[in-house]
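# A look at the structure
Next come the chains, spelled out residue by residue.
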Amino acid sequence: IIFLNKTKKPQKLLMKLFSLIVIHSQRQLLWIHTFLSLCSSLFFLRVQFELWDSDDPIPRQELLKKVKGCDGLLCVLTEKIDAEVLNAAGPNLKVLSTMSVGFDHLSLGELKKRGIRVGYTPEVLTDAVAELTIALLLATSRRLIEATHEAKTGGWGTWRTLWLCGYELADSTVGIFGLGRIGVAIAERLKPFKVKKFIYTDVAPRPELAAAIQAEYVSMDELARQSDFLAVCCALTPETQGICNKNLFSKMKNTSIFINTSRGGVVNQEDLYEALSTGQIAGAGLDVTVPEPLPTNHPLFTLKNCVILPHIASASYTTRNAMSALAANNLLAGLRGEPMPKELQL
Ligand SMILES: O=C(O)[C@H](O)CO
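Residues numbered from 1 in each chain as written. Predicted model: local features only at pLDDT ≥ 70, side-chain atom pairs only at ≥ 80, totals over all residues. Heavy atoms only, no water.

Each helix and strand counted, the protein chain has 13 helices and 12 strands in total. The long-range share in the protein chain, meaning contacts at least 24 apart out of those at least 6 apart in sequence, stands at 66%. When the accessible surface of the protein chain is split by element, carbon and sulfur atoms take 56% of a total near 17,000 Å². (Helix = DSSP H or I, 4+ residues; strand = E, 2+ residues; numbered from the N terminus. Contact = heavy atoms within 4.5 Å. Areas by Shrake-Rupley, 256 points an atom, 1.4 Å probe, with all protein chains shown as cover.)

Another aspect to go through is the pairing of strand E6 (residues 173-177). In regular strands, side chains alternate between the two faces of the sheet. The buried fraction of E6 is high, at five of five residues. Side chains of E6 alternate between two faces, with Thr 173, Gly 175 and Phe 177 and Val 174 and Ile 176 buried alike. Looking at chain direction, E6 and strand E7 (residues 197-201) are connected through five bridges and run parallel. Note on E7: the bridge partner recorded for Val 174 is Phe 198. Regarding the hand of the β-α-β motif, the stretch spanning E6, helix H8 (residues 181-190) and E7 is right-handed. (Buried < 20%, exposed > 50% of the residue type's maximum accessible area, 1.4 Å probe, protein only. Pairing = 2+ DSSP bridges. Right-handed = clockwise from strand over helix to strand, strands pointing away.)

Under the UniProt annotation, "domain: D-isomer specific 2-hydroxyacid dehydrogenase catalytic" (unreviewed entry) lies at residues 48-343. Annotated as 35% helix and 15% strand, the span residues 48-343 places its first and last C-alpha atoms 23 Å apart. (UniProt positions renumbered as here; feature names shortened; annotations may be inferred.)

Taken together, the neighbourhood of the ligand is formed by Leu 77, Ser 100, Val 101, Gly 102, Leu 125, Arg 263, His 311, Ser 314 and Met 323. Within the side chain of His 311, a nitrogen or oxygen atom sits 2.8 Å from an oxygen atom of the ligand. For the ligand, whose unbound accessible area comes to 230 Å², protein coverage reaches 93%. Across the shell around the ligand, the residue classes break down as four nonpolar, four polar and one charged. (Near = heavy atom within 4 Å. Polar contact = N/O pair within 3.5 Å; in protein donor to acceptor, adjacent residues only side chain to side chain. Nonpolar A, V, L, I, M, F, W, Y, C, P; charged D, E, K, R; others polar.)

Another point: helix H6 (residues 126-141). The end-to-end C-alpha separation of H6 is 22 Å, in line with the 22 Å expected for 16 residues at 1.5 Å each. Of all 16 residues that make up H6, 12 are buried, and the element is covered over most of its length. When we look at burial in H6, the residues that qualify are Thr 126, Ala 128, Val 129, Ala 130, Leu 132, Thr 133, Ile 134, Leu 136, Leu 137, Ala 139, Thr 140 and Ser 141. (Expected span 1.5 Å × (residues − 1).)

Applying the stated criterion to the full structure yields 19 salt bridges. Between Glu 123 and Arg 181 there is a salt bridge whose closest N-O contact spans 3.8 Å. Pair noted here: Glu 123 is in the loop between strand E5 (117-119) and H6 and Arg 181 is in helix H8, with a separation of 58 residues, a long-range link. Here Arg 225 ties to Glu 222 by a salt bridge, and the two come within 3.3 Å at their closest N and O atoms. A residue pair is termed a helical-turn pair when its members lie 3 or 4 positions apart in one helix, as Arg 225 and Glu 222 do in helix H10 (residues 220-226) at three residues. (Salt bridge = Lys/Arg side-chain N within 4 Å of Asp/Glu carboxyl O.)

Okay, helix H13 (residues 317-336) next. If you check H13, its first and last C-alpha atoms are 29 Å apart, about what 20 residues at 1.5 Å a residue would give, namely 28 Å. Taking burial as the measure, the 20 residues of H13 include 14 buried ones, the bulk of the element. Looking one or two residues past H13, Gly 337 carries a phi angle of roughly 80°, positive in sign.

Turning to the packing of aromatic side chains, a few remarks are in order. Applying the stated criterion across every chain, the model contains three aromatic pairs. Ring geometry for Phe 103 and Tyr 120: centres 5.9 Å apart, planes at 75°, overall edge-to-face. With Phe 103 in the loop between strand E4 (95-98) and helix H5 (108-113) and Tyr 120 in the loop between E5 and H6, the pair connects residues that are 17 residues apart, well separated along the chain. Seen from their ring centres, Phe 249 and Phe 258 are 5.3 Å apart, and the 85° between their planes marks the pair as edge-to-face. Given the relative accessible area of 0%, Phe 258 is considered buried. The cationic tip of Arg 160 hangs over the ring face of Trp 163; the distance from NZ or CZ to the ring centre is 4.6 Å. (Phe/Tyr/Trp six-rings, centres within 6.5 Å; stacked < 30°, edge-to-face > 60°. Lys NZ or Arg CZ within 6 Å of the ring centre and 35° of its normal.)

Moving on, we get to the nonpolar core. Core analysis: the biggest nonpolar cluster contains 27 residues, and Cys 244, Phe 249, Phe 258 and Leu 272 have the highest contact counts within it. Counting residues per element, the ones that place at least two in this core are H10, strand E9 (229-232), helix H11 (246-251), helix H12 (269-277), strand E11 (283-286) and strand E12 (306-308). When residues of this core are assigned to their parent elements, the largest contribution, three residues, is made by H12. Dropping the residues within four chain positions of it, Cys 244 is found in contact with Phe 177, Val 232, Phe 249, Phe 258, Val 266, Val 267 and Asn 268. Core analysis: the next-biggest nonpolar cluster, separate from the first, contains 26 residues, Ala 130, Leu 169, Val 174 and Val 195 among them. (Core = buried A, V, L, I, M, F, W, Y, C linked by side-chain atoms within 4.5 Å.)

In structure tokens form, the structure reads like this:
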């Protein structure tokens, strides 16, 4: 979280920036890009900034206190930016920059009403998210977590014909729910695994994106019926909230693998638990849940056929650096009154 205030004191500001760079280059490589971007522009813009100096989210009360009077705010997805925060900020706030492609943590209506411009970080994380999705899909379908556990804990006896058998991608049908950049990037990576067919569903056909991967547009029901692997790549919106539910799982094959690297809110977790524990579907790989972190006593953790990761799809050094630099540049462009590199159209 970075709070920005315009100021007329560049000298003091430079000293402050310099000390912050030193502190953060020792602590978090990730932030260096952000600070360099900020430093190169802040001198000319004459702004003061304050950083929430921790990897843990800023406590809500602290956020409400510190945001008062700010012109700009850079946040991550753990901060809910709603009317309460915007009221606490007051009328100075002109720009909000989130270091995320997802924006379900932002009250867009409230931001629009106040004329606050919003920056976000699409594209720079596409490769990392697609890569992690493939890793999660294979870990789930080929039962890698179960297998390493068995090997480590003495379950590995003689070679057995059906022990730890899973499902392979060759000759399979892969379904994508929500075809955007990330869905296409996932399909491109899956293609060399000899997938037979890609199908997708979305609010409407997306022929240009689909052409890149020769994907066929189908209804949600068909997606459920045909997919051997179903990857959820849609944004969380009121329309997609809980859309992966009993109705969807009941139409899937009992050999199908369900993968979600978008947002946990898209899935009805009780229905997913039911589908997994009764063998309605074969397995699920989740990088996102509700809540996050998912309590360690959550029923989904008891299932061998459910692989749960702690929301790490974009967690590569390269991508997080790129996200932080883009978030900083969005913020600065917004403060200068210029077009942001990646601005959300409200
Ligand atoms: O929205 C995002 O940017 C991702 O979920 C973070 O990896």
